[in-house]
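Here is how the chains run, residue by residue.
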Amino acid sequence: YPVHVHSVGGAYFQRIKKYIQLMSLAKDYDLIHCHASARLGFLPAFIGATIGSRQKKRLILTYHSAPSTAPFIENSFMVKHSIHNYSVVTTPSEETARLFRKYGVHVVAIPNILDLENWPYRERSCFSPHMVWTRNIYWSTVHRLKSVKK
(Lines give C-alpha, C1' and ligand atoms only; values in the text may rest on other atoms or scores of the structure.)
Protein backbone atom coordinates (compact mmCIF):
# COMPACT_ATOMS: atom_id res chain seq x y z
CA TYR A 1 0.00 0.00 0.00
CA PRO A 2 1.32 3.46 -0.77
CA VAL A 3 2.01 5.51 2.33
CA HIS A 4 2.76 9.20 2.54
CA VAL A 5 3.99 10.83 5.73
CA HIS A 6 3.14 14.52 5.79
CA SER A 7 4.63 16.51 8.65
CA VAL A 8 3.05 19.81 9.58
CA GLY A 9 5.92 20.97 11.76
CA GLY A 10 7.80 24.21 11.34
CA ALA A 11 7.07 27.90 11.76
CA TYR A 12 3.41 28.90 11.80
CA PHE A 13 3.35 30.37 8.28
CA GLN A 14 5.06 27.24 6.93
CA ARG A 15 2.38 25.15 8.65
CA ILE A 16 -0.41 27.00 6.83
CA LYS A 17 1.24 26.12 3.52
CA LYS A 18 1.61 22.49 4.63
CA TYR A 19 -2.07 22.23 5.63
CA ILE A 20 -3.07 23.48 2.18
CA GLN A 21 -0.80 20.86 0.62
CA LEU A 22 -2.38 18.23 2.86
CA MET A 23 -5.84 19.07 1.48
CA SER A 24 -4.60 18.22 -2.00
CA LEU A 25 -2.63 15.13 -0.94
CA ALA A 26 -5.53 13.65 1.04
CA LYS A 27 -7.55 13.16 -2.15
CA ASP A 28 -5.26 10.27 -3.14
CA TYR A 29 -5.62 8.28 0.10
CA ASP A 30 -8.35 6.34 1.88
CA LEU A 31 -7.14 6.95 5.41
CA ILE A 32 -5.71 9.85 7.41
CA HIS A 33 -3.86 9.01 10.63
CA CYS A 34 -3.22 12.02 12.87
CA HIS A 35 -1.04 12.29 15.95
CA ALA A 36 -1.92 14.84 18.59
CA SER A 37 -1.40 15.97 22.15
CA ALA A 38 -3.11 18.51 24.39
CA ARG A 39 -3.68 22.20 23.72
CA LEU A 40 -2.10 23.46 20.47
CA GLY A 41 -0.73 19.97 19.94
CA PHE A 42 -4.31 18.99 19.10
CA LEU A 43 -4.38 21.32 16.09
CA PRO A 44 -3.18 18.60 13.64
CA ALA A 45 -6.08 16.39 14.78
CA PHE A 46 -8.56 19.23 14.40
CA ILE A 47 -7.36 20.11 10.90
CA GLY A 48 -7.04 16.43 9.93
CA ALA A 49 -10.65 15.87 11.01
CA THR A 50 -11.78 18.90 9.04
CA ILE A 51 -9.99 17.80 5.87
CA GLY A 52 -10.90 14.13 6.27
CA SER A 53 -14.59 14.69 6.97
CA ARG A 54 -14.98 17.02 3.98
CA GLN A 55 -13.31 14.46 1.72
CA LYS A 56 -15.13 11.48 3.27
CA LYS A 57 -11.89 9.82 4.47
CA ARG A 58 -11.49 7.32 7.27
CA LEU A 59 -9.70 8.95 10.21
CA ILE A 60 -7.57 7.52 13.00
CA LEU A 61 -6.22 9.58 15.88
CA THR A 62 -3.31 8.71 18.15
CA TYR A 63 -3.46 10.91 21.23
CA HIS A 64 -0.15 11.13 23.09
CA SER A 65 -0.97 13.07 26.26
CA ALA A 66 -1.55 11.78 29.78
CA PRO A 67 -4.73 11.68 31.87
CA SER A 68 -3.62 14.94 33.49
CA THR A 69 -4.92 16.68 30.35
CA ALA A 70 -8.52 15.78 31.31
CA PRO A 71 -9.65 19.44 31.53
CA PHE A 72 -8.43 19.99 27.97
CA ILE A 73 -10.20 16.87 26.64
CA GLU A 74 -13.44 17.72 28.44
CA ASN A 75 -13.56 21.45 27.61
CA SER A 76 -11.72 21.99 24.34
CA PHE A 77 -13.55 23.44 21.35
CA MET A 78 -11.19 21.52 19.05
CA VAL A 79 -11.94 18.17 20.73
CA LYS A 80 -15.70 18.72 20.89
CA HIS A 81 -15.95 19.69 17.22
CA SER A 82 -13.62 17.10 15.69
CA ILE A 83 -13.43 13.91 17.77
CA HIS A 84 -16.68 12.45 16.40
CA ASN A 85 -15.09 12.34 12.91
CA TYR A 86 -12.54 9.73 13.97
CA SER A 87 -13.20 6.02 13.38
CA VAL A 88 -10.88 5.10 16.22
CA VAL A 89 -8.79 6.93 18.80
CA THR A 90 -5.75 5.34 20.43
CA THR A 91 -4.40 6.58 23.77
CA PRO A 92 -1.54 5.55 26.06
CA SER A 93 -3.77 4.80 29.06
CA GLU A 94 -7.18 3.48 30.00
CA GLU A 95 -7.82 6.68 32.00
CA THR A 96 -7.37 8.84 28.91
CA ALA A 97 -9.44 6.37 26.86
CA ARG A 98 -12.37 6.80 29.27
CA LEU A 99 -12.28 10.57 28.73
CA PHE A 100 -12.63 10.17 24.96
CA ARG A 101 -15.31 7.48 25.27
CA LYS A 102 -17.59 10.13 26.77
CA TYR A 103 -17.82 11.52 23.24
CA GLY A 104 -19.08 8.19 21.93
CA VAL A 105 -16.05 7.28 19.83
CA HIS A 106 -14.28 3.93 19.63
CA VAL A 107 -11.12 4.19 21.78
CA VAL A 108 -8.30 1.70 22.22
CA ALA A 109 -5.81 2.10 25.05
CA ILE A 110 -2.33 1.01 23.99
CA PRO A 111 -0.21 1.04 27.14
CA ASN A 112 3.39 2.10 27.39
CA ILE A 113 5.72 -0.67 26.22
CA LEU A 114 7.98 -0.14 29.23
CA ASP A 115 7.21 -2.12 32.35
CA LEU A 116 7.21 0.67 34.91
CA GLU A 117 7.72 -1.88 37.69
CA ASN A 118 11.31 -2.16 36.44
CA TRP A 119 11.81 1.58 36.89
CA PRO A 120 10.64 2.47 40.41
CA TYR A 121 10.28 6.09 41.40
CA ARG A 122 13.13 7.45 43.46
CA GLU A 123 13.43 10.87 44.99
CA ARG A 124 16.39 12.90 43.81
CA SER A 125 18.02 15.58 45.90
CA CYS A 126 19.25 17.44 42.81
CA PHE A 127 17.68 17.29 39.39
CA SER A 128 20.00 17.80 36.46
CA PRO A 129 18.61 16.79 33.08
CA HIS A 130 20.86 15.20 30.51
CA MET A 131 18.59 16.20 27.65
CA VAL A 132 16.14 19.01 27.06
CA TRP A 133 13.49 18.45 24.37
CA THR A 134 12.13 21.71 23.01
CA ARG A 135 10.49 20.94 19.65
CA ASN A 136 9.03 24.15 18.20
CA ILE A 137 9.95 26.55 20.98
CA TYR A 138 13.66 26.15 20.40
CA TRP A 139 14.85 29.76 20.48
CA SER A 140 12.90 30.83 23.55
CA THR A 141 14.05 27.71 25.41
CA VAL A 142 17.69 28.23 24.45
CA HIS A 143 17.43 31.82 25.65
CA ARG A 144 16.00 30.69 28.99
CA LEU A 145 18.63 27.97 29.42
CA LYS A 146 21.41 30.48 28.80
CA SER A 147 20.07 32.62 31.63
CA VAL A 148 20.19 29.74 34.14
CA LYS A 149 23.22 29.89 36.41
CA LYS A 150 25.32 26.76 36.61
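A short tour of the structure in this document, coming up. Residue indices begin from 1 for each chain and proceed along its sequence in written order. Confidence filtering applies because this is a predicted model: local features only for residues at pLDDT of at least 70, side-chain atom pairs given and counted only at 80 or more, and all residues used for totals across whole chains, interfaces and linings. Note: side-chain values were computed over all heavy atoms of the structure, leaving out hydrogens and water.

1. A short note on the pattern of salt bridges
We count it as follows: The term salt bridge refers to a side-chain nitrogen of Lys or Arg lying within 4 Å of a carboxyl oxygen of Asp or Glu. By the criteria applied, helices consist of DSSP H or I runs no shorter than four residues and strands consist of E runs no shorter than two, each listed in order from the N terminus. Exposure categories follow from relative accessible area, calculated using a 1.4 Å probe and restricted to protein chains: below 20% of the type maximum is buried, above 50% is exposed, and the middle band is partly exposed.
Inspection of every chain in the model, using the stated rule, returns 2 salt bridges. Across the pair Lys102 and Glu74 runs a salt bridge whose closest N-O atoms are separated by 3.3 Å. Linking Lys102 in the loop between helix 5 (94–101) and strand 4 (107–109) with Glu74 in helix 3 (residues 70–75), this pair joins segments that are 28 residues apart in sequence. Residue class for Lys102 comes out exposed when judged on its relative accessible area of 61%. Residues Arg101 and Glu94 are paired through a salt bridge, measuring 2.4 Å at the closest nitrogen-oxygen approach. Judged by relative accessible area, which is 34%, Arg101 ranks as partly exposed.

2. Describing the packing of aromatic side chains
Keep this limit in mind: Aromatic pairing here means that ring centres of Phe, Tyr or Trp (its six-membered ring) are within 6.5 Å. Orientation follows from the plane angle: under 30 degrees is stacked, over 60 is edge-to-face, and everything else is tilted.
If you walk through the whole model with that rule in mind, you get 4 aromatic pairs. Pairing Phe46 with Phe77 gives two aromatic rings, centres 6.1 Å apart and planes at 50 degrees, and the pair type is tilted. You can see Phe46 sitting in helix 2 (residues 43–54) and its partner Phe77 sitting in helix 4 (residues 77–80), a full 31 residues away along the chain. Residue Phe46 is classed as partly exposed on the basis of its relative accessible area of 21%. Look at Phe77 and you get exposed, because its relative accessible area is 53%.

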